[in-house]
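Summary of the model geometry
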Amino acid sequence: MTDGVGHFFPLPPPRSLSPGISRGPLTRAGGCLVRVQKRLLPNVWKKTSNDCGLRFNATLFIGLERQPLPLSAGGFSAGQPITMNMQIFVATGLLVHCVFLISIFDIYFTSPLVHGMTPHQTLLPPPAQRLVLFVADGLRADSLYEVDDSGISNAPYLRNIMLTKGSWGVSHTHVPTESRPGHVALIAGFYEDVSAVARGWKENPVEFDSVFNESKYTWSWGSPDILPMFAKGATGDHVYTHCYEAEKEDFGTEDASLLDTWVFDHVKDFFRSARNNKTLLSKLHERKVVFFLHLLGIDTNGHVHRPHSREYKNNIRKVDEGVKEIVSMVEDFYGNDGSTAFILTSDHGMTDWGVHGAGHPSETLTPLVAWGAGINSPQKVTSQQYEDTFLKDWKLETLKRQDVNQADIAPLMASLIGVPFPLNSVGSLPLEYLNNTAHFKAESMFTNAAQILEQFKIKMAQKKKSTLSFLFSPFKSLSESEQIDILRKARTSIHQEKYEEAVSLCSKLIRLALEGLSYYHTYDRFFLGFSVTMGFVGWTLYVILIITKMHTDLTRSIANKEGASCLFQYTFLAVGVLIAIFLLIQSLPWTYYIYCLLPVPIWYTVLKEYPVIQRLVTSLVNFQPAQLAGFLLVCILGIEILVFSFFYRSTLSFGLLIFSMWPLVTQQWNQAKTIVLSWILSCLLLAVFPLMPVVGRKPNFSLVTTAGLLILLMTSSYLLTCLWKHKKKYMPCKELAIYLFQLLSLALSTYIVNSTRSSLHSKQGLPATNQIISWTTLASSLVVPLLSPTFLFPRLLSIFLSLMSTYLLLSTGYEALFPLALALLMFVWINMEQEAVQRYGTSPKLKLAALSFSYTNDLTQFRQLHLDDVRRSFFFVFFLVTAFFGTGNIASVNSFDPTSVHCFLTVFSPFLMGALLLWKIVIPFVLVSCAFEAVQVTTQLSSKRLFLIVLVISDIMALHFFFLVKDYGSWLDIGTSISHYVVAMSFTIFLLLLSGVAQLLTTKRLALWKEAKHHSL
């Protein structure tokens, strides 16, 4: 029996009848079975139509005090029909939340690029004719600079350069610490927006200027993932690339340092062949030539073996030797003319557990060593102050350390060889690295300032053009008169040979111009943020109103209205038109129309229900203040626990500890001691996992094996016990064969994990048989459960076994035990919720073994909502968050361990690897969702009703993170705040999608053979 929205009218719960009502026999009324009541109270049941539309007035007892709250069973008075279909609601919710998620990219992730600038370059002769750039991908600063107890460095040649010939320091990268944005910052001089990570690497034309583009010729060697993007973005045909095959980037077959050996060997062959090629020889002797060597081996070995491994350190030594050989060969090729500059640096670092992408210091601190033409020689100092203590660890206290931002390296390279500064560069020239005249340094700084100032002017002009004049607010710290004044003073100082003063003025102008660029880049942030917030709040209120109208009796006495008045409709229409005109006049992007106009229909839908809102507020005001305050306090505490768990995983352990006490507080101990004890132990067991280190940091494959054996043992014992108890009852052999097949698959997965690890450890690569079995297991994991019976525990067991077979293949350590602990808690939760329903007397107790997921299609089984369902929904959301963060912080990119996918592939493929890692995260999510479906069956509750409460909780949590997003502070804080919001919004969207997946896995069954009558396990 449904209403117009697809929500169910429940039959009266047998235990919730008033004392004056007794049960009568079942009678068929209008095609539906209805238990006839001997009514001592009038108008308890009323037949409203021939389609079994029933209206029920009842009093629900809430909490320990059982305070009455008037609820209906989901019906409405005739004058208040809900016309929205549930499918339409879900589709609308999905669309709205996608808009909220995408909005963050327009608010925080917009590209900083501007176009139309004129190139600027220093007219004085540069100190170098050519530049050799070594980029050791994934090289940490401490890994290069540190020495062992004997004072021996991992890179003795480069350390000798630092001590005798060149300058050194730490290059500070920005989030995201990935290869593409890192190389863009190094070579183009600006920080690409975070969304660029998702654009890929190969065959992706760049839309910005770079040192390579400004050079006369650039030759590059290295990875096919990096080199093509700079070649395709260059104007003309002067950037040449030499790449190895992508298949060589295999984590398993060979030593990854061979990638670097390939680069060094091909560079040597290139210079040897040039001696016999007059055309090439002529090009090589031109000015403004760049040689780029991209060395990927260190990054690959770091991913596979970790940065503190012997393989990683050996790779650094090989790079050090290769650099020494290349430098010697280049200098010999050019006759030691002293016109070659050398720079070695890295695009990003790497965590101790072998990943990167976030803002941990081990990822953002990279080495910078420069020597050769135009580079300062080492400078001795007595003391130097830095926040870190690395100098002492590196034994470099007396050698001047000169730190830079990663984008500063691009203007440094441009200044050394005399090419125009990249047009989009926001780097500031690090003068401490230059060995040149004061005049040259001053002119270079003036050029740097003029180049950044021009970006500021164009950015300001663009924003001024797209903003109404009376609303435009310019960057006051750098007015047009201020710009002219600083430039004039700087030029005068140069003419008067007051070079230090000129440098100071140019540095000030660069600082102000960069602040102005940031100001205009974030100019619309408050405006867009306010629009999205209005839409967010409006949507959440709309869902609350749906719950109020569909499941409470508050709206029963409201008079029937045909709809909103014409004046009300025209008012909102006028507001929408005015907003559209306002946006059109300013020529703003089309996405702005969506963000600004979306709140209009949402708030129209909310405010036209003003009588409902008024009645709801009145009801809350009339509620007992102490109980209302207590309820709100518990809600706030629950939401804050969820929010804090994103920052501190240990909060989940605290929440599980509180959950373990729940049955003691509600006195369920006296009702079911065994189940309550199991609940307490299961909560405490799961609470251990958030206290453990993030998964992947310390691989332990023996724990993966242990998890597989434990699941095999427990499942086999369960099946044998069930067969023994029901030996006199018939159980189809084909259904038993399904479980045996899943157990075999689980055992095979356990073997494949160990076999693959052994093969990779011995450098034999990924066996083809293991790879085929792994992909087959993954493909079958969502199909095999559909062959099992739809009874609660048999179906849940089948789902668990199939998903665990895949999960084991993706595990590297203790996380393999996590789904097992989670599944045990879910099993107990299902039993606990049935006991909780019995305690409140809302439905008869049913035997769990007799329940089936197919009952979700039996409309006569569902009951009305009560306040305990809010707690039930919160449990679901909390368990989902625990499934997300129980073994790691997935809001941080560096929590993903690529070692997890080695049973499936070892050749570098970022998007396929990402998809596999995402599925690994989703598997515990699916387990919780399927358990929640079982809870809804055991408590005889419509999933559609409970889903609305879950949606409200998750939306409030997401809105909380929206206000926590910030663009100030450390890059770690900025990246974390943004990723938390993205995860929270994805969480809400994923709820909408996963609800359907869970229902499919639990309720559907593939009939590959004729079904026989049988008893459930």
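This text gives an overview of the structure that appears in the document. Since the structure is predicted, the reported quantities are computational estimates derived from the model, not experimental observations. (Residues numbered from 1 in each chain as written. Predicted model: local features only at pLDDT ≥ 70, side-chain atom pairs only at ≥ 80, totals over all residues. Heavy atoms only, no water.)

1. Observations concerning the overall build of the chain
- Scanning the chain for helices and strands turns up 33 helices and 13 strands.
- Put simply, the chain has 1017 residues, and 57% of those count as buried.
- Counting only contacts in the chain whose residues sit at least 6 apart along the sequence, the fraction spanning at least 24 positions is 77%.
- Split by element, the accessible area of the chain, about 42600 Å² in all, is 62% carbon and sulfur. (Helix = DSSP H or I, 4+ residues; strand = E, 2+ residues; numbered from the N terminus. Buried < 20%, exposed > 50% of the residue type's maximum accessible area, 1.4 Å probe, protein only. Contact = heavy atoms within 4.5 Å. Areas by Shrake-Rupley, 256 points an atom, 1.4 Å probe, with all protein chains shown as cover.)

2. What to know about the sheet that holds strand β8 (residues 217–222)
- Taken together, 8 strands build an open sheet; the order of strands is β9-β8-β10-β6-β11-β12-β7-β13 and the sheet is mixed. Only two strands of the sheet have a single partner each, and these edge strands are β9 (239–243) and β13 (404–405). (Pairing = 2+ DSSP bridges.)

3. A look at helix α9 (residues 297–305)
- Most of α9 sits out of view: 8 of its 9 residues are buried.
- Within α9 the residues assigned to the buried category are G297, I298, D299, T300, N301, G302, H303 and V304.
- In this structure, the buried residues of α9 make contact with β6 (130–136), α7 (257–274), β10 (289–295) and α10 (310–333).
- At the C-terminal side of α9, R306 shows a positive phi close to 80 degrees.

4. Topic: the packing of helix α18 (residues 566–585) against helix α19 (residues 590–597)
- It is the contact of α18 with α19, at a shortest axis distance of 10 Å, that shows an interaxial angle of 155 degrees. Overall, the two elements α18 and α19 adopt an arrangement that is roughly antiparallel. Read as a crossing pair, α18 and α19 show a hand that is right-handed. Contacts from G576, I579, A580, L583 and L584 of α18 reach α19 at Y592, Y593, C596 and L597.
- Partitioned by chemical class, the residues of the contact of α18 with α19 number 8 nonpolar, 1 polar and no charged. (Axes fitted to C-alpha atoms, helices over the stretch in contact; angles between N-to-C directions. Parallel < 35°, antiparallel > 145°, perpendicular 65-115°, else oblique. Left-handed = near helix turned anticlockwise from the far one by under 90°. Nonpolar A, V, L, I, M, F, W, Y, C, P; charged D, E, K, R; others polar.)

5. Remarks on the environment of T750
- Here T750 is to be found in helix α26 (residues 733–761).
- For the pair T750 and L808, spaced 58 residues apart in the sequence, the C-alpha separation amounts to 6.7 Å.
- Sequence-distant contacts of T750, that is, excluding residues within four places in its chain, are made with T705, G708 and L808.
- Here the side chain of T750 touches L746 through a polar contact of 3.0 Å, landing on its backbone oxygen. (Polar contact = N/O pair within 3.5 Å; in protein donor to acceptor, adjacent residues only side chain to side chain.)

6. Some words on a nonpolar patch on the surface
- Taken together, the side chains of L657, M661, L664, V665, W669, L677, L681 and L684 define a hydrophobic patch exposed on the protein surface, amounting to about 710 Å² of accessible area.
- Counting only elements with at least two residues in the nonpolar patch, the list comes to α23 (650–665) and α24 (673–686).
- Here the nonpolar patch takes 4 residues from α23, the largest share from any one element.
- Residue position: L681 is located in helix α24.
- Classification of L681 by relative accessible area gives exposed; the value is 52%. (Patch = residues over 30% accessible without salt bridge, like charges linked within 9 Å, V, L, I, M, F, W, Y side chains within 5 Å. Salt bridge = Lys/Arg side-chain N within 4 Å of Asp/Glu carboxyl O.)

7. A short note on the pattern of salt bridges
- Inspection of every chain in the model, using the stated rule, returns 20 salt bridges.
- In this structure, E311 engages R310 in a salt bridge whose closest nitrogen and oxygen atoms are separated by 3.5 Å.
- Here D485 ties to R488 by a salt bridge, and the two come within 2.7 Å at their closest N and O atoms. With D485 and R488 both in helix α15 (residues 480–495) and 3 residues apart, this pair spans about one turn of that helix.
- Taking the relative accessible area as the measure of exposure, R488 reaches 48% and is therefore partly exposed.

8. Looking at the packing of helix α28 (residues 792–809) against helix α31 (residues 910–938)
- Interaxial distance between α28 and α31 falls to 10 Å at its minimum, and their mutual angle equals 175 degrees. Of the possible angle classes, the one that applies to α28 and α31 is roughly antiparallel. Residues L792, L796, I799, F800, L803, T806 and Y807 of α28 form the contact with α31, whose own contacting residues are W919, K920, I923, P924, V926, L927, C930, A931, A934, V937 and T938.
- When grouped by side-chain class, the residues that make up the contact of α28 with α31 number 15 nonpolar, 2 polar and 1 charged.

9. A closer look at the nonpolar core
- By size, the foremost hydrophobic cluster in this structure holds 151 residues, and its most contacted members are W679 and F879.
- It is α31 that contributes the most residues to this core, 16 residues altogether.
- Those residues in contact with W679, other than ones at most four positions away along the chain, are F659, S660, W662, P663, L825, V828, W829, M832, F875 and F879. (Core = buried A, V, L, I, M, F, W, Y, C linked by side-chain atoms within 4.5 Å.)

10. Some thoughts on the pairing of strand β7 (residues 167–172)
- The buried fraction of β7 is high, at 5 of 6 residues.
- Across 6 bridges, β7 lies against strand β12 (residues 365–372) in antiparallel orientation. Pairing of G169 across the sheet is with L368, part of β12.
- Sheet topology note: the β7/β13 ladder contains 2 bridges and is parallel. Considered in β13, the bridge of S171 is made with V404.

11. Regarding the pairing of β12
- With 7 of 8 residues buried, β12 lies mostly within the body of the structure.
- The pairing of strand β11 (residues 340–345) with β12 spans 5 bridges and is classified as antiparallel. Residue pairing for β12: A341 is matched across the bridge by G372.

12. Notes on unusual backbone geometry
- Positive phi, close to 80 degrees, is recorded for R306, a residue that is not glycine.
- Assignment of secondary structure puts R306 in the loop between α9 and α10.
- The exposure class assigned to R306 is buried, which follows from its relative accessible area of 10%.
- Within the chain, K395 stands out as a residue other than glycine whose phi angle is a positive 60 degrees.
- Relative to the helices and strands, K395 resides in the loop between α12 (390–394) and β13.

Geometric descriptors of this kind do not, in isolation, establish any biological role.
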